[in-house]
Amino acid sequence: MLDAIGLVLSPNYNPQFTDADFFGFDLTKNIVIEAAITDLPDNLIKESQLGKDRSGIMPDGTLVHDPVDEAEECLVVRLTVTPELDPTWEVVRPDSDDARPITASQRRQLGFFRLGERPDFHLRWARGSALSGLTDGGDGASSVILDAHREARAAVFNAKPSALHTAAATAQKSAGNFGAAVFGELRPGLEPASATSAHALMLHDGEVPLSSFGLGTRRLTSLSIQDQAMDGGSIIAFDEVEHGLEPHRLAQTLRHLKKRTGTGDLQVIMTTHSPITVKTLSAVDLVVVHADGAGVTTCHPVPEDLDNVQGTFRSAPDAVLGRRVLVGEGATEVGFLRGLLRHWDAEQIAADQAPAAAIGTVLVNGNGGTQPAQRAQNFQRLGYPACMLVDNDDRTIDQSVKEAEAIGVAVHRWTFGNALEDEVIQTLSAEGLQAVVNAAVGIKGEQSIQATVGAKLGNKQLTGTTVAAWQTQAGVDEPVIRTAIADAATSKKDEWFKREDRGEELAGVLIAHWNGLDHTNLLRVISELRAFAYPIAPETSPSKDAEQLAHD
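Residues numbered from 1 in each chain as written. Predicted model: local features only at pLDDT ≥ 70, side-chain atom pairs only at ≥ 80, totals over all residues. Heavy atoms only, no water.

Asker: I'd like a description of the overall build of the protein, backed by residues and values.
Answerer: Looking only at helices and strands, one finds 21 helices and 17 strands in the protein. Computed over the C-alpha atoms, the radius of gyration of the protein is 34 Å, more than 25% above the 24 Å expected from 2.2 N^0.38 for a compact globule of 552 residues. Residue burial in the protein is summarised as follows: out of 552 residues, 41% are buried. Within the protein, contacts between residues at least 6 apart in sequence are counted, and of these 65% link residues at least 24 apart. Entry remark: accessible area of the protein is about 28600 Å², with carbon and sulfur atoms responsible for 51%. Each charge class in the protein was averaged separately, 48 positive and 75 negative side chains, and the resulting centres sit 6 Å apart. (Helix = DSSP H or I, 4+ residues; strand = E, 2+ residues; numbered from the N terminus. Rg over C-alpha atoms; globule rule 2.2 N^0.38 Å. Buried < 20%, exposed > 50% of the residue type's maximum accessible area, 1.4 Å probe, protein only. Contact = heavy atoms within 4.5 Å. Areas by Shrake-Rupley, 256 points an atom, 1.4 Å probe, with all protein chains shown as cover. Lys, Arg positive; Asp, Glu negative; His and termini not counted. Charge placed at Lys NZ, Arg CZ, Asp CG, Glu CD.)

Asker: Could you give an account of unusual backbone geometry, naming the residues involved and the relevant values?
Answerer: Although it is not a glycine, Leu 85 sits at a positive phi angle of roughly 70°. As for its position among the elements, Leu 85 is in the loop between β4 (72–81) and β5 (87–92). For Leu 85, a relative accessible area of 28% corresponds to the partly exposed category. Its identity is not glycine, yet Lys 493 carries a phi of approximately 70°, on the positive side. Lys 493 gets classed as exposed once you look at its relative accessible area, which sits at 84%.

Asker: Describe the packing of helix α6 (residues 215–229) against helix α7 (residues 247–260), listing the residues and the values that go with them.
Answerer: At a minimum axis distance of 12 Å, the contact between α6 and α7 shows a crossing angle of 10°. When the axis of α6 is compared with that of α7, the two are roughly parallel. Along the contact surface, α6 presents Gly 216, Thr 217, Leu 220, Leu 223 and Asp 227, while α7 presents Arg 249, Thr 253, His 256 and Arg 260. Considered class by class, the residues forming the contact of α6 with α7 number two nonpolar, four polar and three charged. (Axes fitted to C-alpha atoms, helices over the stretch in contact; angles between N-to-C directions. Parallel < 35°, antiparallel > 145°, perpendicular 65-115°, else oblique. Nonpolar A, V, L, I, M, F, W, Y, C, P; charged D, E, K, R; others polar.)

Asker: Describe the sheet that holds strand β7 (residues 112–115), with residues and values.
Answerer: Read across the open sheet, the three strands follow the order β7-β10-β11; overall the sheet is parallel. Each edge of the open sheet is held by one strand with a lone partner, namely β7 and β11 (266–270). Across the sheet, the mean angle separating the axes of adjacent strands is 20° when strand polarity is ignored. In this fold helix α1 (residues 2–9) packs onto β7, β10 (234–238) and β11, with an angle of close to 145° to the strand it touches most, β7. Along the sheet face, α6 touches β7 and β10 and points at about 165° away from the line of β7. (Pairing = 2+ DSSP bridges.)

Asker: Hey, could you go over the sheet that holds strand β16 (residues 386–390) for me, with residue numbers and the actual values?
Answerer: Spatially, β15-β14-β16-β17 is the arrangement adopted by the four strands of the open sheet, whose pairing is parallel. One side of each edge strand has no neighbouring strand; the edge strands of this open sheet are β15 (361–365) and β17 (410–413). In this sheet, neighbouring strand axes are inclined to one another by 20° on average, regardless of whether the strands run parallel or antiparallel. One ladder, built from four bridges, connects β16 with β17; its direction is parallel. Along β17, the bridge assignment pairs Leu 389 with His 412. Sheet strands touched by helix α14 (residues 398–406): β16 and β17. Its angle to β17, the strand with the most contacts, is close to 145°.

Asker: Tell me about the nonpolar core, residues and numbers included.
Answerer: Ranked by size, the top nonpolar core spans 51 residues in total, and within it Phe 336, Val 453, Ile 485, Trp 496, Trp 514 and Ile 526 carry the most contacts. A per-element tally of this core places helix α21 (residues 521–533) first, with seven residues. The contacts of Trp 496, once residues within four sequence positions are left out, are Ala 440, Ile 443, Lys 444, Ile 449, Thr 452, Val 453, Ile 485, Ala 488, Ala 489 and Arg 502. With 39 residues, the next largest nonpolar core counts Leu 115, Ile 236, Phe 238 and Leu 254 among its residues. (Core = buried A, V, L, I, M, F, W, Y, C linked by side-chain atoms within 4.5 Å.)

Asker: For the packing of aromatic side chains, give the residues involved together with the corresponding values.
Answerer: Each pair of aromatic rings is reported with the distance of its centres and the angle of its planes. Counting across every chain of the model gives four aromatic pairs. Centroid distance Trp 344 to Tyr 534: 6.2 Å. Interplanar angle 85°. Geometry classified as edge-to-face. Linking Trp 344 in helix α11 (residues 331–350) with Tyr 534 in the segment after α21, this pair joins segments that are 190 residues apart in sequence. Considered together, Trp 344 and Tyr 534 belong to a single accessibility category, that of buried residues. Ring centres 5.3 Å apart and planes at 90° place the aromatic pair Phe 379 and Tyr 384 in the edge-to-face group. Per residue, the accessibility class of Phe 379 equals that of Tyr 384, and both read buried. Connected via pairs of aromatic rings, a cluster forms that spans Phe 313, Phe 379 and Tyr 384. (Phe/Tyr/Trp six-rings, centres within 6.5 Å; stacked < 30°, edge-to-face > 60°.)

Asker: Let's hear about the pattern of salt bridges: which residues, and what values?
Answerer: Proximity of charged atoms lets side chains of opposite charge pair with each other. What the rule picks out here adds up to 17 salt bridges. Salt-bridge contacts for Arg 218 lead to Asp 120; the nearest nitrogen and oxygen are separated by 2.6 Å. On the criterion of sequence distance, the pair formed by Arg 218 in helix α6 and Asp 120 in the loop between β7 and α3 (130–133) is long-range, its members being 98 residues apart. Take Arg 218: its relative accessible area is 16%, and that puts it in the buried class. On the accessibility criterion, Asp 120 (23% relative accessible area) is partly exposed. With a shortest N-O distance of 2.7 Å, Arg 499 and Asp 501 are connected by a salt bridge. Relative accessible area serves as the criterion here: at 41%, Arg 499 is assigned to the partly exposed category. (Salt bridge = Lys/Arg side-chain N within 4 Å of Asp/Glu carboxyl O.)

Asker: How would you sum up the side chain of Glu 421? Please name residues and give values.
Answerer: Examined against the element boundaries, Glu 421 turns out to sit in helix α15 (residues 420–427). Each residue touching Glu 421, except ones within four places of it in the same chain, is listed here: Thr 332, Ala 489, Thr 490, Phe 497 and Leu 506.

Asker: Before we move on, can you summarise the pairing of strand β1 (residues 31–37) with the specific residues and values?
Answerer: Two faces belong to every sheet, and in a regular strand the side chains alternate between them. Alternating positions in β1 separate cleanly, Ile 31, Ile 33, Ala 35 and Ile 37 being buried on one face and Val 32, Glu 34 and Ala 36 remaining unburied on the opposite face. Pairing of β1 with β4, which is carried by seven bridges, proceeds in the antiparallel orientation. Bridging from a neighbouring strand, Ile 33 pairs with Leu 79 of β4.

Put into C-alpha cells, the structure is as follows:
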C-alpha cells in the first residue's frame, strides 16, 4: 500500500514497472491507483495550475464533483499503467470523464516523502540525498572533497619510495617490452576526483563514520535528516517503523512523529508489525489492514466509540498484528488452548500443512467476566475472524455472549453448568481422570488434594492419591467422586489449574487420553476450535479420526 501511495504521488516522471506489478500477471487490465489529497498548496490550486480541477471530499470520505457545502477541497490523482508499462498521471473528478495531466513538478508540490529508505545514502553528501538538501549553496560538499583529494594526491606523490614504487617500476619496464608507450616515470598516485564525487563525504561521530553504527542508529539519524530536509506540509510514508530499534527508541520515535503531526500540516502513514507500536499509539491512530486470498484489501479505521478498544489493544497487542483471534476466557483457557495448538501444529507440520503462526491465529486472554466477549467483539468489528471459548457455569455473562454471537463471533461453551475443568473431569476415562489427579498432586501436593477432595465428599478423610481408593474410602459411586474432584479443581482461591502453564498441562493430559471420546461434547467443542484455528486443515479430528473440519 505504501508503494502504491508512493507511485501515485511520486515526483519521479518515469518509475520502472514490470509485468510482476500487475495483479496475478493479468496484462489485460491496466494498473489504476487513485489518491485524494487535501490541504493543497496554494500555488497548486491557482486557476493557471489545477484550481479548476478540484473535487470535494465529504466528512464520511465520499468524493463529490465540487468542493461545496461540507465538502473539503481535494485533488484526485490517478496513475494508470498500461500493459506496455507506460505510466500516466492525471487529475480526475467524480462523475466525470474529464481528466487533466498532472506533471512531475506539480506532484512534487504535494510533498510526498518516503522515509527510512536507503538510510546510509542520506548520511552522505550525495546527489539527491537529504543531507545535500540541507547544505546551503549546494556545492559545499564538492569543493571540500576536491580540495581534500588534491591534498591527498600530493601527499602520495611526495611519499618516500616504497614497495608501491618498486611495483610501478616493474610495470613500466614490462610495458616497454610490450611496446605499450615510452613513459617518463610510472609512480603510484590517487585517481583524480571529479566535482560529482561528493558521495565520499559522509557524517562522522568524531573519527568514526556513521556507516559503522548499528542499523537503528543509522536509520533514525537518516530519518531525522530527511525530516529536516522537507519543506512545508508533507505526506510521510514509513515502512516498518520498528526495524532495528529497541522498544524505548521506537516509543520515542513514535511520540516525536505524533507530535510533528499536531500542527495539522503533516500526515504520517506508517506500517508496523510491532506490538510496541500498538501499545504506544492511541487506538484511534491505527488502521487495521486485511488482505484476502482473492486480492481484496480492506482498511478498518478504529472507531472512537468502540467499547474499551484501547484496553483491548494494550492487553493484546500481538492479536492486532494477527489474522484470526482466539479468545480464551481466562488464564486456564489460554494455557489449555496453547497446549492444543502446539499439538495440532506438530500434526500440521507433519502433514505439510501450515501451523497456527503461519495462518496468523493468535491467542488472547479475555481476563474473565464480560471482558472476553467485549474483546472478541472489538476484534470482530475490526474485520478479524474472532472465536471465543468460555465456561458455561456463570449466568451473568450470558447476555454478553449473545451479543458477541449476534455480530458473528464464533462462541464455544461447555455443557450447561460446566467450567473447562468440569468438562474434562466428567468426560475423561478412568485412566484419564487419574492422570488429572496426578497432575494436580504435582502442582498442589498430595495433602492439599486429599483435603480439598475430601471436603467436597462431606469432610471424608482420604489417603493416597488413587481415585478408585478414594471412591472406596468415601463409599460413593463414580459420578459422585468425579463431581467431588471437579468441584475441588474449581474451588475458589484454590483452583488447581488457574494459570496458563497449568492450563497447558491440563491440555497435555487430555491429548494423552482423548482416544475414544470423539462423540462427546468435549471433543466436539475442541474439533470446532481446531477448525477455527486452521481454516485450511487436513481432514482429521483432534484424536486423528476422520472428520471433516469446517473451512471459513
